[in-house]
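# Structural overview for review
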There are 4 protein chains.
Amino acid sequence: MIVVMKSGSTPQEVEHVVKLVREMGLKEHVIVGTERTVVAVIGNDRFKDRTALETVAGVEKVVPILAPYKMASKEVKKERSLVPMLGADGAKVGGRKVQVIAGPCSVESKQQLLETAHAVKEMGATGLRGGAFKPRTSPYAFQGMGEKGLELLALARQETGLAIVTEVMAVDQVDVVAKYADVLQIGARNMQNFNLLNAAGEQPKPVLLKRGMSATLEEFLLAAEYIMSKGNANVMLCERGIRTYEEYVRNTLALAAVPELHRVSHLPVIIDPSQGTGKSYLVDSMCRAAVAAGADGLIIEVHNDPEHALTDGAQSITHQQFGEMMKSIRRIAAAVDRES
Amino acid sequence: MIVVMKSGSTPQEVEHVVKLVREMGLKEHVIVGTERTVVAVIGNDRFKDRTALETVAGVEKVVPILAPYKMASKEVKKERSLVPMLGADGAKVGGRKVQVIAGPCSVESKQQLLETAHAVKEMGATGLRGGAFKPRTSPYAFQGMGEKGLELLALARQETGLAIVTEVMAVDQVDVVAKYADVLQIGARNMQNFNLLNAAGEQPKPVLLKRGMSATLEEFLLAAEYIMSKGNANVMLCERGIRTYEEYVRNTLALAAVPELHRVSHLPVIIDPSQGTGKSYLVDSMCRAAVAAGADGLIIEVHNDPEHALTDGAQSITHQQFGEMMKSIRRIAAAVDRES
Amino acid sequence: MIVVMKSGSTPQEVEHVVKLVREMGLKEHVIVGTERTVVAVIGNDRFKDRTALETVAGVEKVVPILAPYKMASKEVKKERSLVPMLGADGAKVGGRKVQVIAGPCSVESKQQLLETAHAVKEMGATGLRGGAFKPRTSPYAFQGMGEKGLELLALARQETGLAIVTEVMAVDQVDVVAKYADVLQIGARNMQNFNLLNAAGEQPKPVLLKRGMSATLEEFLLAAEYIMSKGNANVMLCERGIRTYEEYVRNTLALAAVPELHRVSHLPVIIDPSQGTGKSYLVDSMCRAAVAAGADGLIIEVHNDPEHALTDGAQSITHQQFGEMMKSIRRIAAAVDRES
Amino acid sequence: MIVVMKSGSTPQEVEHVVKLVREMGLKEHVIVGTERTVVAVIGNDRFKDRTALETVAGVEKVVPILAPYKMASKEVKKERSLVPMLGADGAKVGGRKVQVIAGPCSVESKQQLLETAHAVKEMGATGLRGGAFKPRTSPYAFQGMGEKGLELLALARQETGLAIVTEVMAVDQVDVVAKYADVLQIGARNMQNFNLLNAAGEQPKPVLLKRGMSATLEEFLLAAEYIMSKGNANVMLCERGIRTYEEYVRNTLALAAVPELHRVSHLPVIIDPSQGTGKSYLVDSMCRAAVAAGADGLIIEVHNDPEHALTDGAQSITHQQFGEMMKSIRRIAAAVDRES
């Protein structure tokens with residue numbers, strides 16, 4: 001880190017900063033500029049709380065230099081990670097093939113789920129999404145079928161071979177979800193539920209981690225670091241749109257996150273254009289854009305009857321729309337030397 | 001809700017919307033305007049998922065009319081709620097007195113905590129804050145003292161009579177935190193941890209609920225509704241700054257939330273100027289502004305030695321600064337016919 | 001519009017709203033719901049100031065139904081507009097071919113401009129960008145070469161046949177810029193400089209209008225409407241990234257704006273991935289994503305020596321990078337049945 | 001500035017950075033850390049374009065150290081500036097008295113303006129606001145009375161002695177507005193209309209400069225610097241709310257800007273709670289909060305008949321509400337050792 005002193009800071013103030021830096025077990029390098037003095041701190045300060053220095057007399061600000069995450073970083077592992085989806089076909093996320101995870105927002109019934117599972121499988125999906133435990137903004141909204149929903153997902157896997165991706169909302173659900181699911185999804189609202197991240201890190205199934213709705217990429221990678229630091233390296237990062245002032249979409253899909261995450265991390269990146277826009281009519285073009293930007297996978301809400309969906313009808317596409325989308329992203333994938 | 005049809009929508013499309021509205025058990029009122037047709041939906045649609053209608057052919061958008069929360073709403077309870085802090089002095093939040101909750105970001109040691117507890121008590125605080133379980137962005141940062149910290153908080157209460165306000169991060173911590181604390185704090189990162197909200201609603205201690213870092217007021221009140229709908233009416237709403245593009249602060253303190261929450265809800269409103277700015281030198285003026293805006297309480301980070309604070313040093317004020325702040329808000333409180 | 005009355009509003013209050021609606025020359029339709037009364041307003045209220053109604057006793061809020069723009073709207077003109085770039089090759093924006101406008105951020109010298117102009121022309125660009133009048137955040141930064149820069153742009157057109165796209169910052173520059181340029185660019189900071197919009201509408205050259213850094217799409221289209229309502233229908237909409245809390249980019253490129261603008265407007269949409277990210281290493285993938293999303297054109301900063309660029313070096317790509325990008329977007333364009 | 005090299009950057013890359021730094025006329029100081037090398041740049045780099053360095057091989061990022069503004073900075077002038085309002089009473093902004101500028105959003109008629117002018121004067125205002133040239137989002141909305149409105153403002157000054165504060169939207173309006181007005185207002189949409197800033201800097205009347213709707217404080221102060229660098233030191237900074245994701249307000253009023261601007265600049269700070277919330281029922285409490293936070297002035301929309309206001313009815317308060325607000329801020333002003 002770099003400690004920037006105020007204009008007019010005294011030598012005593014600089015000395016005091018130096019003393020505090022040394023107390024942290026770090027070394028300093030004082031540079032007296034023409035207008036400001038800065039104290040460059042030498043050593044691994046990744047795990048130090050630098051904010052304390054900001055309160056010291058004569059200090060203007062403290063600028064971090066090192067990224068605070070390590071295991072998720074490309075500095076530690078140069079080659080891209082391949083994360084297994086644990087489906088019957090051995091599909092992995094992060095390789096040449098752009099994996100598509102599709103299915104309803106919520107598991108609603110056996111018929112609904114199986115109908116959609118078969119349809120998306122046939123059209124090229126390798127994963128099946130579907131919520132059994134649903135985080136809902138309102139306590140009065142449909143909260144999901146719970147374990148009964150997980151059983152239906154397991155049945156769908158048995159029938160189709162699709163890898164099951166489903167959300168876990170709480171530490172005490174980890175065991176039951178991990179029992180049925182192939183990939184544990186941690187939702188945007190829980191990206192900084194650190195107890196849940198730890199629990200996901202302590203079990204063996206891969207984790208699809210969604211970016212919080214106003215998380216920075218650094219916070220996002222630190223959430224992945226929580227999981228990885230507990231021993232689970234199989235983390236997929238999922239961009240699902242961020243909250244901005246925009247009104248025509250539910251969230252603003254920030255596709256530059258794809259190349260940027262690939263630049264700083266070795267983890268694969270999945271895009272959720274359904275949450276990422278909130279509008280079914282924008283999903284198709286955002287799927288194409290995501291694949292063109294280099295996404296390793298897509299997770300898409302597909303419903304056999306969106307008009308009667310219990311949740312997220314507005315952003316669910318029909319089976320037919322899904323089929324057309326698959327055709328169009330196959331062409332895009334080829335154009336970036338990948339397949340789908 | 002109002003269903004706005006697209007320009008050029010057909011009578012069949014309107015009819016289909018009407019059919020779907022009736023399926024929901026609601027009534028419709030079709031208004032044919034000069035440019036658009038709208039379908040006004042009559043009845044309590046508060047708990048219906050309106051998004052499904054947005055996917056219907058011919059529909060442009062669906063506009064909600066009713067607020068989706070009920071128990072937190074002023075429509076249900078006109079007079080302001082008084083929430084007890086359960087301290088020795090019987091202080092309540094929401095009345096004439098502006099309550100001040102002060103203390104360190106984290107409980108770090110017996111000496112640190114007691115020193116600050118005695119100091120803030122003497123200068124007029126009625127609550128003591130201090131984290132034992134700490135939500136930290138990085139897995140490598142200090143994670144709090146856990147139950148040992150709770151014991152120190154209980155000791156501080158015994159010595160000072162201050163009501164203890166401390167954070168609970170997970171469902172399985174609710175019992176132990178409720179055992180020691182007077183008020184359970186739910187942090188911004190957990191505002192939509194619905195399992196935790198439910199658990200907080202099922203225990204008897206009052207809850208200080210922080211607004212999520214990019215939550216709308218509607219989402220904030222729905223989070224309160226989760227707690228209330230489980231039987232716990234003692235909820236205090238805490239505005240702690242929102243995430244915006246601004247760089248000179250850690251968060252943007254949105255003080256208009258005070259009068260707006262008072263307008264739509266009966267719950268008391270507390271301001272956190274420490275998180276709300278992230279800069280100790282901005283705390284004093286934001287405390288004054290908060291009281292002037294009508295806040296029912298303040299929660300403030302105070303440290304006996306901010307330079308060596310294990311967490312959030314940059315936003316902690318010293319004992320002396322706290323004393324000066326208390327003097328200045330007392331004058332403001334008097335100017336708005338309250339006391340502090 | 002729909003006027004939503006407060007819960008508990010009186011019949012007198014509703015009657016007063018009706019009176020005000022009629023004063024506006026509009027008709028009303030009062031709907032008494034189970035919890036609220038709403039007054040649906042019939043007639044073209046596009047040009048009425050609805051905010052006045054929000055201040056009326058008993059009114060909760062006023063919800064607009066009609067989009068406030070007209071000439072820019074797809075409701076008025078269903079087929080996509082083709083906007084001529086006025087270059088030697090007769091290229092138009094909005095057709096099958098994705099047009100690429102490339103060149104330096106600022107015109108700096110004859111050699112610099114011509115070198116880049118020839119290079120981008122050879123690799124497939126049809127337009128040449130380059131600022132002669134530069135809007136700079138700091139008064140001490142390079143402000144552009146002024147008319148001398150415009151002369152160099154004209155020289156570059158003469159040598160290459162590229163259409164010249166350059167910014168006009170003020171009403172009194174319109175004549176001189178229109179004299180040399182083929183397309184007038186109005187920058188993000190001037191998107192709501194209404195006098196400039198009017199002046200651009202009163203001259204005959206096409207206009208490339210950039211979205212303001214925190215403009216909604218509605219505000220963006222109303223800015224286009226200013227130009228069109230003065231008689232100039234040749235407007236291209238340019239998305240150049242919006243301001244959000246994100247830190248790793250200069251702006252967040254909101255690519256869902258492409259399909260959404262195409263959905264509500266007939267005007268062509270151009271993407272600026274240079275401003276839209278602020279990082280040269282993100283430009284390539286965002287160009288691909290933009291074309292995949294359906295963009296009609298790209299405007300890209302290219303410099304023969306980015307290390308010594310007087311402005312925006314960080315987001316400028318080299319000639320070689322431009323060449324590779326052109327190859328990759330050609331493949332994407334083909335995959336969406338277009339060409340580049 | 002500090003140039004942070006990538007992990008693994010080569011000595012040649014560092015040397016090349018050093019060469020570029022020296023080309024800029026600056027000196028370097030290379031610090032080889034345990035994980036990264038950084039190049040600290042010594043000398044006044046305030047007016048250099050540092051972004052070019054970000055494009056250099058081996059460079060991770062460039063961190064600025066010096067604030068880019070100078071004349072607006074407290075480093076140059078320690079004591080607070082007093083800006084004259086040029087009214088009959090010699091009122092200045094920035095002193096002990098909190099100045100109140102009040103009046104209609106738009107000048108609509110002689111009767112409307114004079115009625116309000118007399119009312120606000122009587123209740124303690126020292127400035128009269130009122131738009132003659134109106135920046136309107138829609139080309140179809142009321143655009144203001146133009147010079148006729150300026151004449152009415154001059155008449156109101158003659159009758160009341162209030163200082164006239166009115167907006168200038170374009171360079172070619174500067175002369176006529178300066179002829180009638182005492183203070184030139186530059187609106188949020190024009191904060192980065194640099195030609196207008198220059199023109200305002202070249203004429204003698206004081207300027208009330210509004211913060212752009214998503215401007216950083218640094219950009220805001222650089223806009224002030226434009227005016228000051230042309231010779232006009234009489235600039236008042238006006239915070240009027242920023243654009244965020246919040247929906248219950250038109251803008252989010254960021255009151256921490258008051259102490260922060262006072263910390264880094266000597267210029268006085270005015271708050272606009274009308275634009276800053278967009279809701280008349282939030283104005284009163286935000287006026288109190290602004291004064292408590294240390295604001296030097298308020299600018300408030302007051303209308304004799306908000307229901308029939310041609311513009312901004314929703315955020316205009318009545319004469320009676322203005323009177324009550326004045327009483328309440330007088331008490332707050334006294335509580336912070338000021339007067340109003």
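Structure's up top.
Residues numbered from 1 in each chain as written. Chains lettered and ligands numbered in written order. Predicted model: local features only at pLDDT ≥ 70, side-chain atom pairs only at ≥ 80, totals over all residues. Heavy atoms only, no water.

### Overview of the relation of the copies chain B and chain C
Quick reminder of the rule: To line up the copies, we fit them by least squares on C-alpha atoms, keeping just the residues with pLDDT of at least 70 in both. Residues are treated as being in contact if the distance between any of their heavy atoms lies within 4.5 Å.
Each copy superposes on the other: chain B lies on chain C with an RMSD of 0.0 Å after a rotation of 180 degrees and an axial shift of 0.0 Å. Overall, the copies show the geometry of a two-fold rotation axis. Residue B:Y245, judged by its C-alpha, is the member of chain B lying nearest the rotation axis, at 2.1 Å. Both copies share a contact surface, since 100% of the interface residues of chain B are interface residues in chain C too.

### Overview of the interface of chain B and chain C
Going by this rule: Buried area is calculated as the accessible area (1.4 Å probe) missing from two parts once they are joined, with the contributions of both summed. Salt bridge criterion: a side-chain nitrogen from Lys or Arg within 4 Å of a carboxyl oxygen from Asp or Glu. Counting of polar contacts relies on pairs of N or O atoms within 3.5 Å, with two restrictions inside protein: one atom must be capable of donating a hydrogen and the other of accepting it, and residues adjacent in sequence are counted only when both atoms are side-chain atoms. Helix numbering and strand numbering both begin at the N terminus, where a helix is a DSSP run of H or I of at least 4 residues and a strand a DSSP run of E of at least 2. Put simply, Ala, Val, Leu, Ile, Met, Phe, Trp, Tyr, Cys and Pro go in the nonpolar bin, Asp, Glu, Lys and Arg in the charged bin, and everything else, Gly too, in the polar bin.
The interface is formed by 29 residues belonging to chain B together with 29 residues belonging to chain C. Interface of chain B and chain C: buried area, both sides summed, is about 2200 Å²; carbon and sulfur atoms make up 59% of it. At the junction of chain B and chain C, the tally comes to five salt bridges. With a closest N to O distance of 4.0 Å, B:E60 and C:R263 form a salt bridge. Between chain B and chain C we count five residue pairs in polar contact (both at pLDDT 80 or more) in total. Broken down by secondary-structure element, the contributors of at least two residues to the side of chain B that touches chain C are β1 (2–5), β2 (27–32), β3 (37–42) and β4 (59–63) of chain B. Along the lines of polarity and charge, the residues of the side of chain B that touches chain C split into twelve nonpolar, seven polar and ten charged.

### Focus on the interface of chain B and chain A
Counting residues at the interface gives 51 residues for chain B and 51 residues for chain A. Both sides together, the interface formed by chain B and chain A hides about 4200 Å², and carbon and sulfur atoms give 49% of it. For chain B, the biggest contributors to the area lost against chain A are B:T137, B:Y140 and B:E307; these three give 16% of the whole. Counting the contacts that link chain B with chain A gives four salt bridges. The partner of A:E219 in a salt bridge is B:R243, and the shortest N-O contact between them spans 2.7 Å. Where chain B meets chain A, there are 25 residue pairs in polar contact (both at pLDDT 80 or more). Among the secondary structure elements, those contributing two or more residues to the side of chain B that touches chain A are α1 (11–23), α5 (194–201) and α6 (217–229) of chain B. Among the elements that make up the side of chain B that touches chain A, the one with the highest residue count is α6(B) (five residues). Taken together, the residues of the side of chain B that touches chain A break down into 20 nonpolar, 19 polar and twelve charged.

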